Amino acid sequence: MKRKPLLLSCCLALLCCGCGRHIPRIESVAVVPRPVVLTQGEGAFRITPKTEIRLSPDDTALLREARTLASLFAESFGRPLPVVAGDIDGAPAIRLHGADLPPEGYTLHIGTDGVDIGAGSPAGAFYAVQTLRQLLPSAVLEGERTAGTELPETEIRDEPRIGYRALLLDVGRHFFTTEEVKSVIDLMAMHKLNRLQWHLTEDQGWRIEIEKYPELTRKGAFRDRCDMRPAEEGRPEKDPQPYGGFYTQDEIRDIVRYAAERHIQIVPEIEMPGHAMAALASYPRLGCLGESYEVPSQWGVKEDVYCAGRDSTFLFLEDVLGEVIGLFPYEYVHIGGDECPKARWKACPDCQRRIRDEGLADEDALQSYFVKRIERFLSAHGRRLVGWDEIRQGGLSPSAIVLSRKREQGLRSALETGNDVIMTPYMNCYFDYYQGDPETEPLAFGGHLPLAAAYALDPYEGLSPEQTRQIVGVQCNLWGEFVSTLDHARYMLLPRLAAFTDRSWSGGEPDYPDFLRRLTSMLRLYDACGYEYRKLTAADSLPEQKRD
Ligand code: ACM
Ligand code: ZN
């Protein structure tokens, strides 16, 4: 939280509490993502430290959300609002109750005589609270002492159009601590996202403790330099110190719980057959060459991948996935599948024998064999496999889900075979790309993805109504090559995450000027939380030009 100097806070407190004249409120209601229906009236409802949040006895499932709502006022009022389970009628209050709505849907009526929140499920109530947070004045958001606040008279009905709204967090390239991951989860919650694809294994680091294979985190979680950037290759490295980290299984359980309390499911990503150098360095028999692997300090696609010929590779991966399944209680398990060069498989006697024995056409078909074999294991354990576009190579089983960043390579063929798809077009959803002029931005991945490009996301672009039914989700991605701190992660995500959620949750006709107007309420929230974020420039006020 950003802190006002103490003296100033005291003066404000005297002004506000002493005479009770100044009760802060916002002037105009602006919400991101855009609710289905929103109308603002003339009046207001006054909330004081005595205003009760009331739950009916039938709605104790909403108790956590009621407490989250109560805590929004805790700093400013000196204590959270009282939460009362009992008769929901009576004196002016905030009433919270279940309603016949979609699970993530909610209604929020703010009248002069009280607030009424109806929720399809605890998730819906949680999103109502996130919306209400955007209606609070900065004084309350920043925790200034006030005697009360007013909410503008407003009617909102809301529900998301897409049920799977995800962010990828890459902790392989740079490690983020448990507390930092929780902070990223807070950002997701604020933006009403509900899936975290947690990229837990990479060439440059293995981040999840696997009890059966301790070398993965003893050796595979560390590389011998921190931060070698392509632009700096050939120069003496800045920071030639070992770098790494990992999550114990207890820490993973803690993060899964923290996310679940915010209605976010975590989809673990365990990369295979490529992006596996950290595993190969830990257990060299997993690779075709069987020796001399190191955890690389440089980025880029590596030739060395899991050997698809030896059964021991699959036994290892099934053990790993078995432990992963025990930690993440959700249906989807992501197995990567992207960027797997085939050179080692071409030269490996074991891989070639597999191709002959299984009657496979080539190395692409061997990748398909690999993915299908892993999918059988996951299916037998009640899980669904998710993978990047390349899991299409050589054919795919119908129940796998394709995470598609490439329209032509991945999306088209997934649509043809009827596979479910999560859309993540890189032109709109790769938030490791530059947000503005590379001259004035921190070093980033090469692409250009200003706020307007994030807002130009249309997950259904060019699809027939029939095909849109295959689009089960939408995702944005924070790859970590150039992002090594939480502040920098926030800078890359904010405010592009707001554009992403506006186009994912809300949909409808794009209206960029209207989005920019509503974005001010999000920026106010970022400011109140003291978040690092990218400030808009004149260039950001122009809508995205259509590009091919
Ligand atoms: C990816 O962008 N390597 C999935
Ligand atoms: Zn091999």
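Residues numbered from 1 in each chain as written. Chains lettered and ligands numbered in written order. Predicted model: local features only at pLDDT ≥ 70, side-chain atom pairs only at ≥ 80, totals over all residues. Heavy atoms only, no water.

1. Some words on the nonpolar core
Argument step 1. Within the largest apolar cluster, 174 residues are counted, with the highest numbers of intra-cluster contacts made by Trp 198 and Tyr 306.
Argument step 2. With 10 residues, helix α20 (residues 512-529) is the largest single contributor of residues to this core. (Core = buried A, V, L, I, M, F, W, Y, C linked by side-chain atoms within 4.5 Å. Buried < 20%, exposed > 50% of the residue type's maximum accessible area, 1.4 Å probe, protein only. Helix = DSSP H or I, 4+ residues; strand = E, 2+ residues; numbered from the N terminus.)

2. A closer look at the coordination of the zinc ion (ligand 2)
Argument step 1. The protein atoms donating to the zinc ion (ligand 2) are Cys 288 (SG), Cys 307 (SG), Cys 348 (SG) and Cys 351 (SG), with metal-donor distances spanning 2.3 to 2.4 Å.
Argument step 2. Viewed at the metal, the 4 donor atoms of the zinc ion (ligand 2) are separated by angles of 105 to 114 degrees, and the geometry they form is tetrahedral.
Argument step 3. Written as a sequence motif, the donor residues of the zinc ion (ligand 2) are C-x18-C-x40-C-x2-C. Of this pair, Cys 288 sits in the loop between α9 (277-282) and α10 (311-327) while Cys 348 sits in the loop between α11 (343-347) and α12 (349-357), and the two are 60 residues apart along the sequence. Each member of the pair, Cys 288 as well as Cys 348, is classed as buried. (Donors = N, O, S within 2.8 Å, 3.2 Å for Na, K, Ca; no water. Tetrahedral: all angles 85-135°; square planar, octahedral: opposite > 155°, others 65-115°.)

3. A few points about the packing of helix α6 (residues 178-190) against helix α8 (residues 249-261)
Argument step 1. Direction vectors running N to C along α6 and α8 enclose 15 degrees, while the axes themselves pass 10 Å from each other. Here α8 runs roughly parallel to α6, going by the angle between their axes. Crossing of α6 over α8 shows right-handed handedness. Only Glu 251, Asp 254, Ile 255, Tyr 258 and Ala 259 of α8 make contact with α6, whose side of the interface consists of Thr 178, Val 181, Lys 182, Ile 185 and Asp 186. (Axes fitted to C-alpha atoms, helices over the stretch in contact; angles between N-to-C directions. Parallel < 35°, antiparallel > 145°, perpendicular 65-115°, else oblique. Left-handed = near helix turned anticlockwise from the far one by under 90°. Contact = heavy atoms within 4.5 Å.)

4. Description of the pairing of strand β9 (residues 195-199)
Argument step 1. In terms of residue burial, β9 counts as a mostly covered element, since 5 of its 5 residues are buried.
Argument step 2. Because side chains alternate across β9, one face comprises the buried residues Arg 195, Gln 197 and His 199, and the other comprises Leu 196 and Trp 198, equally buried.
Argument step 3. Pairing analysis gives 5 bridges linking β9 to strand β14 (residues 265-272), with the strands arranged parallel. Each bridged residue has a counterpart across the sheet, and for Leu 196 the counterpart in β14 is Ile 266. (Pairing = 2+ DSSP bridges.)

5. Points about the sheet that holds strand β17 (residues 401-404)
Argument step 1. Read around the barrel, 8 strands follow the order β8-β9-β14-β15-β16-β17-β18-β21 and close on themselves; strand pairing throughout is parallel. The mean inter-strand angle of the sheet, taken between neighbouring strand axes irrespective of direction, is 30 degrees.
Argument step 2. Strands in contact with α10 are β14 and β15 (332-336); relative to β14, the strand with the most contacts, it is inclined by about 170 degrees.
Argument step 3. Most of the contacts of helix α19 (residues 496-506) go to strand β21 (residues 471-478), to which it runs at about 180 degrees, and overall it touches β8 (165-170) and β21.

6. Notes on the sheet that holds strand β7 (residues 149-158)
Within a sheet, each strand pairs with its neighbour through backbone hydrogen bonds, oriented either parallel or antiparallel.
Argument step 1. The 7 strands are arranged β1-β7-β5-β6-β4-β2-β3 in an open sheet whose pairing can be described as mixed. The sheet terminates laterally at β1 (37-47) and β3 (83-85), the two strands that pair on one side only. Recorded for the sheet is a direction-independent mean angle of 20 degrees between the axes of neighbouring strands.
Argument step 2. Strand direction decides the pairing type here: strand β2 (residues 52-55) and β3, joined by 3 bridges, are parallel. Its bridge partner lying in β3, Arg 54 is registered against Val 84.
Argument step 3. Relative to the sheet, helix α2 (residues 63-71) contacts β2, β3, β4 (93-98) and β6 (114-119), its axis offset from that of β2 by approximately 170 degrees.

7. Looking at the confidence of the model for the protein chain
Argument step 1. Scored by pLDDT, the protein chain has a mean of 92; 93% of the residues are at 70 or more.
Argument step 2. When the criterion is pLDDT under 50, residues 1-20 qualifies, and its contacts beyond four places in sequence or with other chains add up to 26 contacts.
Argument step 3. Note on residues 230-236: pLDDT is under 50 here. Beyond four places in sequence and across chains, it has 6 contacts. (pLDDT = per-residue confidence, 0-100.)

8. Some remarks on the side chain of Thr 217
Argument step 1. Checked against the element boundaries, Thr 217 lands in helix α7 (residues 215-218).
Argument step 2. Not counting residues within four places of it along the chain, the set of residues in contact with Thr 217 comprises Trp 206, Ile 208, Glu 209, Phe 222 and Phe 246.

9. With respect to the environment of Met 522
Argument step 1. On the secondary structure map, Met 522 appears in helix α20.
Argument step 2. Distance from Met 522 to His 191, taken between C-alpha atoms, is 9.0 Å for residues 331 residues apart in sequence.
Argument step 3. Excluding residues that lie within four positions of it along the chain, Met 522 makes contacts with Val 32, Gln 134, Met 190, His 191 and Ala 498.

10. Here we look at unusual backbone geometry
Argument step 1. Put simply, Val 32 and Pro 33 share a cis peptide bond, and its omega is -5 degrees.
Argument step 2. Summarising the element assignment, Pro 33 is placed in the loop between α1 (6-19) and β1.
Argument step 3. The residue after Leu 494, namely Pro 495, is reached through a cis peptide bond having omega 10 degrees.
Argument step 4. Of note, Pro 495 is situated in the loop between α18 (486-493) and α19.
Argument step 5. A positive phi is found at His 275, a non-glycine position, where the angle reads about 50 degrees.
Argument step 6. The topology assignment puts His 275 in the loop between β14 and α9.
Argument step 7. The exposure class of His 275 is buried, given its relative accessible area of 4%.

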